Structures are given as C-alpha cells and as structure tokens.
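Geometric and topological summary
Listed here are the chains, written in short residue letters.
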Amino acid sequence: SLFTGKKGKWRQSYDELMVNLTGFGTDVSVATTSSYISLLRGSKKFGIVQPSAERLDIGIKLKSALPTERFEAAGSWNNMVTHRVRISDPAQVDAEVLSWLNQAYDAAK
C-alpha cells in the first residue's frame, strides 16, 4: 500500500534495491509500517525506505559516518536512522547508496 497512486512510480526502484540488499546476506528482511519500510538484518534495523510522490527517501543507520552533502543527517526526519538520502531519480540508487547500506548492514551485527 506504500506504493499506491503517485508513489507507484517508485515500486520498481524499491524492487531493484531489494534485489541488491538480499545480496548482502540471507538475514535481510523488511518490516512495513503505515509510512515506511524498515530494512532489517535479523531483528536489527539498518535502514528505512519511505516513498512519496516526489521522491524515495532512504534512511541509513550508520553511526560511524559523518554526514555529507548527499547523505545528510537524518535529524528530526526519522530518529531511528542517522542519515538520509533523497532520491528524485531512480538512477540515484547507485553504487554509493548501496555501499552505505552495505556498511550499515555490516554494522548491524
């Protein structure tokens, strides 16, 4: 239900992201709430995905990394993650995003 209406354009990007994330390990799973999808390693959250009509927001829990221009501090957007990357074009879900998610997955032991 998170990919209905104008948010539906992000479904393919999400599906492709999940194909990449499952390559991290057999313990990757998701848990859906009414507004976002938690990315889990076992029972530990390492990220979130929140679609909107304009963009796909990806939250990453990586306490060891300083914010950058692209990977900004999550701040009050969501206090369960440390960083937020705003995806306005599916091509922006690139190797750098996957690298950050992979590092967050590795840290969620």
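Our structure is the block above this text.
Residues numbered from 1 in each chain as written. Predicted model: local features only at pLDDT ≥ 70, side-chain atom pairs only at ≥ 80, totals over all residues. Heavy atoms only, no water.

Moving on to the overall build of the protein chain. A tally of regular secondary structure across the protein chain gives two helices and six strands. Traced from its N-terminal end to its C-terminal end, the protein chain shows the element sequence α-β-β-β-β-β-β-α. Once the C-alpha set of the protein chain is aligned to its principal axes, its extents read approximately 35 × 30 × 25 Å. Burial status across the protein chain gives 42% buried among its 109 residues. (Helix = DSSP H or I, 4+ residues; strand = E, 2+ residues; numbered from the N terminus. Buried < 20%, exposed > 50% of the residue type's maximum accessible area, 1.4 Å probe, protein only.)

Hydrogen bonds between backbone atoms are what pair the strands of a sheet, whose relative direction is either parallel or antiparallel. Reading across from one edge, β1-β2-β3-β4-β6-β5 is the order of the six strands in this open sheet, with antiparallel pairing throughout. Two strands bound the open sheet, and with one partner strand each, they are β1 (28-32) and β5 (72-73). This element, helix α1 (residues 11-22), spans β1, β2 (37-41), β3 (44-51) and β4 (56-60) of the sheet and lies at about 145° to β1. Here helix α2 (residues 95-107) sits on the sheet in contact with β1, β2, β3, β4 and β6 (83-87), set at roughly 35° to β4. (Pairing = 2+ DSSP bridges. Contact = heavy atoms within 4.5 Å. Axes fitted to C-alpha atoms, helices over the stretch in contact; angles between N-to-C directions.)

In this section: the side chain of Lys45. Structurally, Lys45 is set in strand β3. We note that Lys45 is buried and unpaired, the nearest opposite charge coming from Asp57 at a distance of 15 Å. In this structure the side chain of Lys45 is engaged in a polar contact, spanning 3.2 Å, whose partner is the side chain of Ser38. Non-local contacts of Lys45, meaning those with residues more than four positions away in its chain, are made with Tyr36, Ser38, Leu39, Leu40, Lys61 and Met80. (Lys, Arg positive; Asp, Glu negative; His and termini not counted. Salt bridge = Lys/Arg side-chain N within 4 Å of Asp/Glu carboxyl O. Polar contact = N/O pair within 3.5 Å; in protein donor to acceptor, adjacent residues only side chain to side chain.)

Our focus in this paragraph is the pattern of salt bridges. Counted under the stated rule, the structure contains seven salt bridges. When the shortest N-O distance is used, the salt bridge between Asp27 and Arg41 registers 3.0 Å. Of the two residues, Asp27 is situated in the loop between α1 and β1 and Arg41 in strand β2; the sequence distance between them amounts to 14 residues. Using a relative accessible area of 29% as the deciding quantity, one classes Asp27 as partly exposed. A salt bridge links Arg70 to Asp94; the nearest nitrogen and oxygen atoms lie 3.1 Å apart.

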